[in-house]
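Commentary on secondary and tertiary structure
Listed below are the residues making up each chain.
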Amino acid sequence: MRRFIAVLLLIAPAAHLAHAARPFVTDDARVVDEGGCQIETFVKSQRRYDENEIWFVPACNPWGVELTAGHIKVDGNQNGHSSTVLLQAKTLLKPLVTNGYGFAFSVGTFAGHANSPYINAIGSFSLADDRVVIHANLGAIRDNEANSTRRTWGIGAEVLLAAPRWYGIIESYGMRGENPTFHTGLRIWIVPDSLQMDTTVGIQHNSPERRFGTVGLRILW
């Protein structure tokens, strides 16, 4: 989501890291409050060709472990159509504190044409009384379709622009054998800690070059 998240080869050559809190792809050392739930959903559109993704990702924390079960649908002319299930469990090793740090760990799989299990180690670091929070991920994904295991990584920052509602995000993420993706966006709390909207743009220098935009919604209770 939540979380780094992480990773499925939904459409070669791009890949997603473990699911993180919108609008990040890089995961953070946070989970939904114990006893709480959330739903994240967003649409991702490629700018250079006709391809769209729809993500619907609910998660709950019944006993201290955040459990995610989501669905991803991809429609496009370049790589056809696909439907994938995302399953993930994430636990805190050390809660993130103001002007301190936190650690978390996640495991999951993307179950589709070929299952892609992954693991992800997550670190978050708070600066300037939480006005800036840095997130770093390091993991691996098993690409069963290609019969190979790839290292994954991500690093990003969320910056408080206007308390308590407006945040900016910037990140870069990728996996071994691929060019990194650069991603930036804006998070707006319509109702703080309950209802969030966000939008992002991203680019991966490749052949063909991949430019995309997303619009998302997050609901917590």
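All of the points below concern the structure found in this document. Computed from a predicted model, the values in this text were never measured in an experiment. Per-chain numbering applies: the sequence of each chain, read as written, is numbered from 1 onward. Reporting of local features is limited, given that this is a predicted model, to residues whose pLDDT is at least 70; pairs of side-chain atoms are given and counted only at 80 or more, and all residues count toward the totals for whole chains, interfaces and linings. The side-chain values count all of the structure's non-hydrogen atoms but skip hydrogen atoms and water molecules.

So, the environment of Ile170
By secondary structure assignment, the location of Ile170 is in strand 11 (residues 166-175). Taking the C-alpha atoms as reference points, Ile170 and Val159, separated by 11 residues in sequence, lie 8.6 Å from one another. It only takes one pair of heavy atoms within 4.5 Å for two residues to be counted as in contact. Excluding anything up to four places from it in sequence, Ile170 contacts Phe24, Gly156, Ala157, His183 and Thr184. Counting from the N terminus, the helices are the DSSP runs of H or I reaching at least four residues and the strands are the DSSP runs of E reaching at least two.

Quick notes on the state of the cysteines
We call a pair of cysteine sulfur atoms a disulfide whenever their separation is within 2.5 Å. Taken as a whole, this structure holds one disulfide when the rule is applied. Disulfide pairing places Cys37 opposite Cys60 at an S-S distance of 2.0 Å. On the S-S bond that ties Cys37 to Cys60, the torsion sits near 110°, and the link is right-handed. Of this pair, Cys37 sits in strand 3 (residues 37-46) while Cys60 sits in strand 4 (residues 51-60); the two residues are 23 residues apart in sequence, bridging distant segments of the chain.

Structural notes on the packing of aromatic side chains
Only the six-membered ring of Trp is used, alongside the rings of Phe and Tyr, when aromatic pairs are assigned; centres must lie within 6.5 Å, and planes under 30 degrees apart are stacked while those over 60 apart are edge-to-face, with the rest tilted. With the rule as written, the count across this model stands at four aromatic pairs. Ring centres 5.2 Å apart and planes at 20° place the aromatic pair Phe42 and Trp55 in the stacked group. Note that Phe42 is positioned in strand 3 and Trp55 in strand 4, a separation of 13 residues in sequence. Ring centres of Phe103 and Phe125 lie 6.3 Å apart, and the angle between their planes is 85°; on these two criteria the pair is classed as edge-to-face. Here Phe125 lies in strand 8 (residues 116-127) and Phe103 lies in strand 7 (residues 101-111), a separation of 22 residues in the sequence. Exposed residues in this analysis have more than 50% of their type's maximum accessible area, buried residues have under 20%, and partly exposed residues fall in between, with area computed by a 1.4 Å probe over protein chains only. Look at Phe103 and you get partly exposed, because its relative accessible area is 33%. Residue Phe125 is classed as partly exposed on the basis of its relative accessible area, which comes to 34%. Grouped by ring-pair contacts, the aromatic residues Tyr101, Phe103 and Phe125 constitute a single cluster. The ring of Phe42 is capped by Arg22, whose NZ or CZ atom sits 4.2 Å from the centre of that ring. Any Lys NZ or Arg CZ found within 6 Å of a ring centre and within 35 degrees of that ring's normal is scored as a charge over the ring. One residue, Arg187, lies across the ring of Tyr167, its end atom 5.9 Å from the ring centre.

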